[in-house]
Amino acid sequence: MTTAPWRDPALPAAARVDDLLSRMTLEEKTAQLYGVWVGASTDGDGVAPHQHDMTVDYSDEAWDELITRGLGQLTRSFGTAPVYPALGVRALARAQRRITEAGRFGIPAIAHEECLAGFTAWQATAYPVPLAWGATWDPPVVEEMARRIGEDLRSAGVHQGLAPVLDVVRDPRWGRVEETIGEDPYLVGTVGSAYVRGLESAGVVATLKHFAGYASSAGARNLAPVRAGVREFADVTLPPFEMALREGGARSVMAAYTERDGVPASADPDLLTRLLREEWGFTGTVVADYFGIGFLQTLHRVAGTPAEAAHAALEAGIDVELPTLKCYGDPLPAAVRSGRVPEELVDRAARRVLLQKCELGLLDEDWTPEPATEVNLDSTGNRILARRLAEESVVLLDNPDGLLPLAPDTRIAVVGPRAADALAMLGCYSFPSHVLTHHPEVPTGIEIPTVLDALRTELPDAKVTFAQGCEVTGPDTSGFEEAVARTAEADVCVAVLGDRAGLFGRGTSGEGCDAADLGLPGAQGELLDALIATGVPVVLVLLTGRPYALGRWHGRLGAVVQAFFPGEEGGPAVAGVLSGRVNPSGRLPVSVPQAPGGQPWTYLQPPLGLAGEVSNLDPTPLYAFGHGRSYTTFAWEDGTGGEEPAEIGTDGSYDVSVTVRNTGEREGAEVVQLYLHDPVASVTRPDMRLIGYQRVTAAPGEAARVTFRFHADLSSFTDRAGRRVVEPGALELRLAASSADVRHTARIALTGPVRVLGTDRRLRCDTEIGGVE
């Protein structure tokens, strides 16, 4: 028996793919460029924008005919409807068998799934959302989570995960803030790269999204035009993607829905080809966000027909149409045959897709669709890690009089619409919030303790009562009376308030759930006022997908605890912080504002973006980026830096160090943050920006010496000519506990000529931790 060259694993992948392409018809090549979404709802209540009018419902006959050409991708076999994992694995394997048996070449499809906060499948672990990953400031634990998610995906026969989201928060009113890692590109890039490394280490293709600018939409409205300028785009939006490609090794990128300066990302060759491939050297696949190619015709109106949309997207550099065929199906080969679309564009995209399939082993003769391992998507190990992530992500914002930890035998009134609802722990891409809302008869599938239940378990000797008080949304205050009565009878009130995750207006946070302002939803603010008025100390616990303005209650609360949708183990994690079993160590990945208006604002502001005499509005946040308190104390000692600035060249490096000592009575974690201040530059610069950080855990009395190896490349920015440069001049390196709490400053002077940097520049500040005797 003679094996065709494209089946021979001893040959280079490129040679195998070239041989295969030479044998394929135009229809067979285009079939590799789209996915099919079997079972997707068309009733107008879906999980993707415009799903109701963009989805095709396939009959068995149509499916059988379609797959004779082959198929590029299978869309969300597990994430469309609840299916027992073992049954889902068998169903996916059967679908792959049908695909390989129907086509001439027997090439399976790439199966992809969402995995933003865990594998979005029924009975799979629901981890904390990405904003909570940012709150941990702990990339290694995020990498371990992603590795576990990847192993679960592979065990189910899935090859590609649509995560992580690397959008940098620019306006916290945006509904998808919960899906982001934070408001700083360095934090987003380092944590996001860790996720990519973990997912890719399990053999799953990580897909970076949304490339690029999606979070900068005007007015924080989902899919609204992006108003980012050239330097904001280059210095804030793009760096996390570049880092995740260079340091994470991501093999796929998803084009954003949005347009910038009149050009939709899905039709932008400057973004998807010149920058991504020619400048950055990316060799993987670019996939469309769901229906993004069709939107070039229906929403952006830069194409008049599906064929024109396909031409624009292919020419820009989109290789795969997701989630289902619309433009790359029949319209594309017809346009090629009529001469309107060059076949070379189809070949270019098909080559990239087939190279990726080759990497995944899908072109090998011994490939089998049956996974080798048993499926358990919510293992004990997963839950242990989910608990650790949740515990590290909880941020103690305030505890002015030491009300926390709570006494073990106290009387506690637990009040609020988020206290007794398991879904309060989950973001919009967790399966119960994302899919099960359409299947109310189906149980959650995983155990999700509520804050109320967890607190009763955590403090068995306490007398705990409960009143809901109000709903998450709506003006109804009829429950206030009972909530106030329970509070008046207690020694302390724990008010659990926040968001309900949802999609397209069905929640207060999530995709398409944008906020008009940053006031607490519904009557929750009025409920909090009523509880405070009782005179009983109130601990505010927030379970949210974005920061909310808290200035109205500043100085009136006994303590404030912030958790960003902390996942299935979030209830015990929050209860552990309240009881003192967990020493809080989370730090804010986003600023918490004083007032609900005056947005957008993040800490990355040039001088005129800060408070000043030119405006009566003060945008200074109540709690700054990087802020977080602990039940122990840390002294920062012997920081680097003398009276005179140290001189280094514009290509030089400098070590800046500080000793962090635990001066309290219990073990805790401090997050040492390094910020850059550039007093004078050729374009306006943020007053401060993060360039390094290190999480340090220390026992009582223990100290650690933290050293950041600063390189001049980390001071670079985009100049007026669009070049990334390092300019000579004075700089300050600020060692800080938050962007508003600087502990030590080291001054340096960069000397020499302006340096123009390329793509080999340093992106990360290396860090070293040493013990101190």
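Further up the page is the structure itself.
Notes on the structure in this doc start here.

So, the pairing of strand β16 (residues 634-637)
Here comes step 1: Along β16, the buried face is formed by F634 and W636; none of A635 and E637, which line the opposite face, is buried.
Here comes step 2: Across four bridges, the pairing between β16 and strand β18 (residues 653-662) is antiparallel. Within β18, the residue paired with E637 across the bridge is T659.

What about the sheet that holds strand β2 (residues 73-75)?
Here comes step 1: Strand order in the open sheet formed by seven strands is β1-β2-β3-β4-β5-β6-β9, and the pairing between neighbours is parallel. Each of the sheet's edge strands pairs with one partner strand only, and the pair in question is β1 (35-36) and β9 (285-288).
Here comes step 2: Pairing analysis gives two bridges linking strand β4 (residues 160-162) to strand β5 (residues 205-211), with the strands arranged parallel. From the neighbouring strand, G161 faces β5, where its bridge partner is A206.
Here comes step 3: Those strands touched by helix α10 (residues 239-248) are β5 and β6 (252-255), and its axis lies near 165° from that of β5.

A few points about the nonpolar core
Here comes step 1: Counting 206 residues, the largest nonpolar core has Y195, F211, Y328, L550 and L733 as the members making the most contacts within it.
Here comes step 2: Excluding residues within four positions of it along the chain, Y195 makes contact with C115, W133, V142, M145, A146, I149, A163 and P164.
Here comes step 3: The next biggest cluster of nonpolar side chains, apart from the first, holds 37 residues, and it includes L406, A419, I446 and A575.

Description of the packing of helix α16 (residues 380-393) against helix α21 (residues 570-579)
Here comes step 1: Across the interface, α16 lies against α21 with an axial gap of 8 Å and an inter-helix angle of 45°. On the basis of the axis angle, α16 is oblique to α21. Along this stretch, α16 crosses α21, giving a crossing that reads as right-handed. Here R387, A390 and E391 of α16 come into contact with α21, specifically with G570, P572 and A573.
Here comes step 2: Residue composition of the contact of α16 with α21, grouped by class: three nonpolar, one polar and two charged.

Some words on the sheet that holds strand β19 (residues 668-677)
Here comes step 1: In spatial order, the strands read β17-β25-β24-β19-β20; together these five strands make up an open sheet with mixed pairing. In this open sheet, the two edge strands, each paired with only one partner strand, are β17 (646-649) and β20 (689-698). Direction aside, neighbouring strands of the sheet carry axes that sit 30° apart on average.
Here comes step 2: When strand β24 (residues 729-738) meets strand β25 (residues 741-751), the two strands line up antiparallel, connected through nine bridges.

Remarks on the pattern of salt bridges
Here comes step 1: Scanning all chains against the criterion turns up 56 salt bridges.
Here comes step 2: For E568, the salt bridge is made with R383, and the minimal N-O distance between the two is 3.0 Å. Of this pair, E568 sits in the loop between β15 (559-564) and α21 while R383 sits in helix α16, and the two are 185 residues apart along the sequence.
Here comes step 3: Assessed through its relative accessible area of 15%, R383 is described here as buried.

Here's the deal with the packing of helix α1 (residues 13-23) against helix α15 (residues 343-359)
How two helices sit against one another is set out by the angle between their axes and by the gap between those axes.
Here comes step 1: Between α1 and α15, the shortest axis-to-axis distance is 9 Å and the interhelical angle comes to 130°. In terms of their interaxial angle, α1 and α15 are classed as oblique. As for how α1 packs across α15, the hand of that crossing is right-handed. Across the interface between the two elements, A13, A14, R16, V17, D18, L20 and L21 of α1 pack against D347, A350, R351, L354, L355 and C358 of α15.
Here comes step 2: Of the residues that constitute the contact of α1 with α15, the class distribution is nine nonpolar, no polar and four charged.

A word on the environment of G198
Here comes step 1: Positionally, G198 belongs in helix α8 (residues 185-201).
Here comes step 2: Judged by relative accessible area, G198 falls into the buried class, the value being 0%.
Here comes step 3: C-alpha separation for the pair G198 and D421, spaced 223 residues apart in sequence, amounts to 31 Å.

Some details on unusual backbone geometry
Here comes step 1: Residue A212 follows F211 across a cis peptide bond; omega there is 0°.
Here comes step 2: One can find A212 in the loop between β5 and α9 (230-237).
Here comes step 3: The step from L322 to P323 runs through a cis peptide bond, and the omega angle for that step is 0°.
Here comes step 4: With respect to the element layout, P323 can be found in the loop between α13 (306-316) and α14 (331-337).
Here comes step 5: Despite not being glycine, W137 shows a phi value in the positive range, around 50°.
Here comes step 6: Note that W137 resides in the loop between α6 (130-136) and α7 (139-155).
Here comes step 7: You can call W137 buried: its relative accessible area is 1%.

Topic: helix α20 (residues 524-533)
Here comes step 1: Of the positions making up α20, those classed as buried are Q524, G525, L527, L528, L531 and I532. The buried residues of α20 all sit within an arc of 155° when viewed along its axis, so they share a single face.
Here comes step 2: Elements in contact with the buried residues of α20: β11 (411-415), α19 (480-488), β13 (492-498) and β14 (538-544).
Here comes step 3: Where α20 terminates, the next one or two residues include G535, which has phi positive at roughly 85°.

Here we look at the packing of aromatic side chains
Here comes step 1: Counted under the stated rule, the structure contains 16 aromatic pairs.
Here comes step 2: Ring centres of W133 and Y195 lie 4.9 Å apart, and the angle between their planes is 10°; on these two criteria the pair is classed as stacked. Taken together, the positions of W133 in helix α6 and Y195 in helix α8 put the pair 62 residues apart, joining distant regions of the chain. For the residue pair W133 and Y195, the accessibility class agrees, reading buried in each case.
Here comes step 3: Ring plane angle 85° and centroid distance 6.0 Å describe the contact between Y603 and Y675, whose orientation is recorded as edge-to-face. Taken together, the residues span a long stretch of sequence, with Y603 in the loop between α21 and β16 and Y675 in strand β19 at a distance of 72 residues. Here Y603 and Y675 have matching classes, each one buried.
Here comes step 4: One aromatic cluster is present, built from ring pairs that chain together W137, Y186, Y603, F625, Y675 and Y693.

Some words on the environment of P12
Here comes step 1: Along the chain, P12 falls in the segment before α1.
Here comes step 2: On the basis of relative accessibility, which here comes to 52%, the residue P12 falls in the exposed class.
Here comes step 3: Sequence-wise, P12 and A530 are 518 residues apart; in three dimensions their C-alpha atoms are separated by 70 Å.

Definitions and cut-offs
- Residues numbered from 1 in each chain as written.
- Predicted model: local features only at pLDDT ≥ 70, side-chain atom pairs only at ≥ 80, totals over all residues.
- Heavy atoms only, no water.
- Buried < 20%, exposed > 50% of the residue type's maximum accessible area, 1.4 Å probe, protein only.
- Helix = DSSP H or I, 4+ residues; strand = E, 2+ residues; numbered from the N terminus.
- Pairing = 2+ DSSP bridges.
- Contact = heavy atoms within 4.5 Å.
- Axes fitted to C-alpha atoms, helices over the stretch in contact; angles between N-to-C directions.
- Core = buried A, V, L, I, M, F, W, Y, C linked by side-chain atoms within 4.5 Å.
- Parallel < 35°, antiparallel > 145°, perpendicular 65-115°, else oblique.
- Left-handed = near helix turned anticlockwise from the far one by under 90°.
- Nonpolar A, V, L, I, M, F, W, Y, C, P; charged D, E, K, R; others polar.
- Salt bridge = Lys/Arg side-chain N within 4 Å of Asp/Glu carboxyl O.
- Arc of directions from axis to C-beta.
- Phe/Tyr/Trp six-rings, centres within 6.5 Å; stacked < 30°, edge-to-face > 60°.

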